[in-house]
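# Architecture and fold: a report
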Amino acid sequence: MPTPTPDLRALGVEVARQRKERGWSIDRLAEATGVHRKTIIEIEAGRVAARISTLHGIAHALGVPLPDLVAPVCARHPKAVGRPTPLVEK
């Protein structure tokens, strides 16, 4: 089974929603996260796959659990209930 493509646009929408819900500007989130404002812009636009460390920093700055922030990325993926994901394909 091929690996599903992450929905980066959905992640960007969620980051923007969380940021705006707090009344924060892109600059404020960038400063609180410790990344350049262009990085936040690119993530919110769904143009880049952010590093896990960047996503962790965004979640921490916004005060939300990381799984809640990234949940939209996999929301449309089919669930493989009871089947472990293979780490290495043979």
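Below is a summary of the structure that appears in this document. (Residues numbered from 1 in each chain as written. Predicted model: local features only at pLDDT ≥ 70, side-chain atom pairs only at ≥ 80, totals over all residues. Heavy atoms only, no water.)

Turning our eyes to something else, we now look at the overall build of the protein. Summing up its helical and strand segments, the protein has five helices and zero strands in all. Here the protein holds 90 residues, and the buried ones make up 31% of them. A separation threshold of at least 6 residues defines the contact pool for the protein, and within that pool the share at least 24 residues apart is 59%. Only carbon and sulfur atoms are counted for the fraction: they give 57% of the accessible area of the protein, which is about 6,400 Å². (Helix = DSSP H or I, 4+ residues; strand = E, 2+ residues; numbered from the N terminus. Buried < 20%, exposed > 50% of the residue type's maximum accessible area, 1.4 Å probe, protein only. Contact = heavy atoms within 4.5 Å. Areas by Shrake-Rupley, 256 points an atom, 1.4 Å probe, with all protein chains shown as cover.)

We now examine the nonpolar core. Counting residues in each nonpolar core, the largest one holds 16 residues, and the members touching the most others are L11, V15, L29, I40, I58, L62 and L69. Taken together, the elements giving at least two residues each to this core come down to α1 (8-21), α2 (26-33), α3 (37-44), α4 (52-62) and α5 (66-74). Ranked by residues supplied to this core, first place goes to α4 with five residues. (Core = buried A, V, L, I, M, F, W, Y, C linked by side-chain atoms within 4.5 Å.)

With that settled, the discussion passes to the side chain of T33. Of note, T33 is situated in helix α2. Residue classification places T33 among the buried residues on the basis of a relative accessible area of 15%. When residues no more than four places from it in sequence are discounted, the contact partners of T33 are T54, G57, I58 and A61.

Turning our eyes to something else, we now look at the side chain of E14. Examined against the element boundaries, E14 turns out to sit in helix α1. A residue is classified by how much of its surface remains accessible, and E14, at 13% relative accessible area, is buried. In terms of polar contacts, E14 uses its side chain to reach the side chain of R17, at 2.9 Å. Polar contacts involving the side chain of E14 include one to the side chain of Q18, which spans 2.9 Å. In this view, E14 contacts D68, L69 and P72; residues no more than four positions away in its chain are not counted. (Polar contact = N/O pair within 3.5 Å; in protein donor to acceptor, adjacent residues only side chain to side chain.)

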